[in-house]
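# Structure at a glance
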Amino acid sequence: MNIHTSNNKKLSFQNIFRIVIILTTLISSGCIDTTLLVFVRKNGSGYIQETTYNAQSVDQLIQQAVIGKTETTSPPINIEQYKARTSKIGSGVKFVSAKKITNAKGWEGVQAIYSFTDIRLLKVNPDAAPQVEQNTLIQAPASHKQQDLPITFGFTQSSSSKLTISMPKVTLPEGSARPTPPPPAQLAMMKQMCAGMRIRIVIRVDGEISKSNATYVQSSQPGGKKQMVALFEMEMDKIPNDNQTLGKIANIMQSPDITSAATALNNIPGIEAETVNPIEIEFR
């Protein structure tokens, strides 16, 4: 990934994606490769593209190992499930399409696209997307899952277009239980089972970014225009497999200080979490 890094890493976004929760609930999703991309045109319209591939679930692997089951036929797409999400994403959002896809690894997946007329009306909540089958290796407390914490947007247009991305803040209910991290040995096992797993949340603009306070500004291709801002990325294969790193992740998962947790995660190879809030992007 071609990344141009700015010098601003001071503010705290981490509340939006609930770094502690990501490392418990998303790891427990099994082997997935998912990208949530929000494309913004110069007039504030655009589209959302959700692309999710998943390898065999933990349950399927267990079935194969225990009873020799090898059938992995995936169910048909529930189009109505995707159409029903438009009202949750925001006003002026329309369902465009949902189709099955396969990546180079042979993982099956679904790519869904939604169009919108005004990004200021969007409420993008990564937790609201249809998810792949969950297993029960780790479960986050229900009080964490029930919070509706969407990303919201501001937009103005004059000589250039300016997009503002606001990250909501997590409020943990008083007395609520915190995720219980597994020991490093179990993390190592899960890391092996989740080889190839990747989570990405990206903003892409129509044109070229002229100014931004974002930490991770990307080119669309090597030597190309700066058009993308990565809000979060985790690539399991790039995370070191040594006990020291895995133990560090376990400690971060247990930390009640989400601000410190995000900063610590950014120091681990394979994890990038935006720490600026709000994010401002000017583009032409």
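This section reports on the structure supplied with the text. (Residues numbered from 1 in each chain as written. Predicted model: local features only at pLDDT ≥ 70, side-chain atom pairs only at ≥ 80, totals over all residues. Heavy atoms only, no water.)

### Digging into the overall build of the chain
For the record, the criterion: Under the DSSP-based scheme used, a helix requires at least four consecutive residues in state H or I and a strand at least two consecutive residues in state E, with every element numbered from the N terminus. Partly exposed residues are those whose accessible area sits between 20% and 50% of the maximum for their type, while under 20% is buried and over 50% is exposed, using a 1.4 Å probe and protein chains only. Residue contacts are counted whenever heavy atoms from the two residues lie within 4.5 Å of one another. Here the Shrake-Rupley method, with its probe set to 1.4 Å, supplies the accessible areas, and only the displayed protein chains count as covering residues.
Tallying secondary structure elements over the chain gives eight helices and 14 strands in all. Counting only residues that meet the buried cut, the chain has 51% of its 284 residues in that class. Across the chain, contacts joining residues at least 24 apart in sequence account for 74% of those joining residues at least 6 apart. Total accessible area computed for the chain in this model is approximately 13,700 Å², and 49% of it derives from carbon and sulfur atoms.

### Some points on the pattern of salt bridges
As a reminder of what qualifies: Here a salt bridge means any side-chain nitrogen of Lys or Arg lying within 4 Å of a carboxyl oxygen belonging to Asp or Glu.
For the structure shown, the criterion picks out seven salt bridges. One salt bridge connects E233 with R200, and the closest N-O pair in it is separated by 3.5 Å. One end of the pair, E233, is in strand β12 (residues 226-235); the other, R200, is in strand β9 (residues 198-205), and 33 residues separate them in sequence. Comparing E233 with R200, the two get one shared label, buried. Its salt-bridge partner being E235, residue K238 comes within 3.2 Å of it at the nearest N-O pair. A relative accessible area of 46% places K238 in the partly exposed class. With relative accessibility at 19%, the residue E235 sits in the buried group.

### Quick word on the pairing of strand β4 (residues 93-102)
The criterion, for reference: Paired strands are those between which DSSP finds at least two bridges.
Bridging between β4 and strand β5 (residues 108-116) involves nine bridges; their strand directions are antiparallel. Bridged to K100 within β5 is V110. Hairpin remark: β4 followed by β5, antiparallel, with five residues in the connecting loop; positive phi at G106, about 90 degrees.

### What to know about the packing of aromatic side chains
As a reminder, the rule being used: Aromatic rings from Phe, Tyr and Trp, with only the six-membered ring used for Trp, were paired whenever their centres fell within 6.5 Å, and each pair was classed as stacked if the ring planes differed by under 30 degrees, edge-to-face if by over 60, and tilted otherwise.
For the structure shown, the criterion picks out two aromatic pairs. Geometrically, the ring pair formed by F39 and Y47 is stacked, given 4.9 Å between the ring centres and 20 degrees between the ring planes. By relative accessible area, F39 is classed as buried at 13%. When the centroid spacing of 5.9 Å and the interplanar angle of 70 degrees are considered together, the rings of F95 and Y114 count as edge-to-face. With a gap of 19 residues between them, F95 in strand β4 and Y114 in strand β5 connect regions that are remote in the sequence. Look at F95 and you get partly exposed, because its relative accessible area is 22%.

### Some thoughts on the environment of T52
Within the element layout of this structure, T52 appears in strand β3 (residues 46-54). Along the chain, T52 and I199 lie 147 residues apart, while their C-alpha atoms are 9.1 Å from each other.

### Quick notes on the nonpolar core
Within soluble globular proteins, side chains that are nonpolar tend to cluster in buried spots. Operational definition: Among buried residues, those of type Ala, Val, Leu, Ile, Met, Phe, Trp, Tyr and Cys that are joined through side-chain atoms within 4.5 Å constitute a nonpolar core.
Grouped together as the largest cluster of nonpolar side chains are 33 residues, with contacts concentrated most on L163 and I281. Counting residues per element, the ones that place at least two in this core are β2 (32-40), β4, β5, β7 (151-157), β8 (161-166), β9, β12 and β14 (279-283). Considering each element in turn, this core owes the most residues, four residues, to β5. With 23 residues, the next largest nonpolar core counts I199, M234, I249 and A264 among its residues.

### Remarks on the pairing of β7
Relative to β7, strand β6 (residues 123-124) runs antiparallel, the two being bridged by two bridges. Its bridge partner being in β7, V124 is matched across the sheet by I151. Pairing analysis gives six bridges linking β7 to β8, with the strands arranged antiparallel. The partner of T156 across the bridge, within β8, is K162.

### Remarks on unusual backbone geometry
In this structure, the amide linkage connecting N277 to the following residue, P278, adopts the cis form with an omega of 0 degrees. Residue placement: P278 occurs in the loop between β13 (271-273) and β14.

### What to know about the side chain of S160
Here S160 shows up in the loop between β7 and β8. Leaving out residues up to four positions away in the same chain, S160 has contacts with E282, F283 and R284.

### A word on the sheet that holds β14
Sheet strands pair by backbone hydrogen bonding; their relative direction is either parallel or antiparallel. Strand order in the open sheet formed by five strands is β6-β7-β8-β14-β10, with antiparallel pairing between adjacent strands. The two strands at the open ends of the sheet, each matched to only one other strand, are β6 and β10 (209-212).

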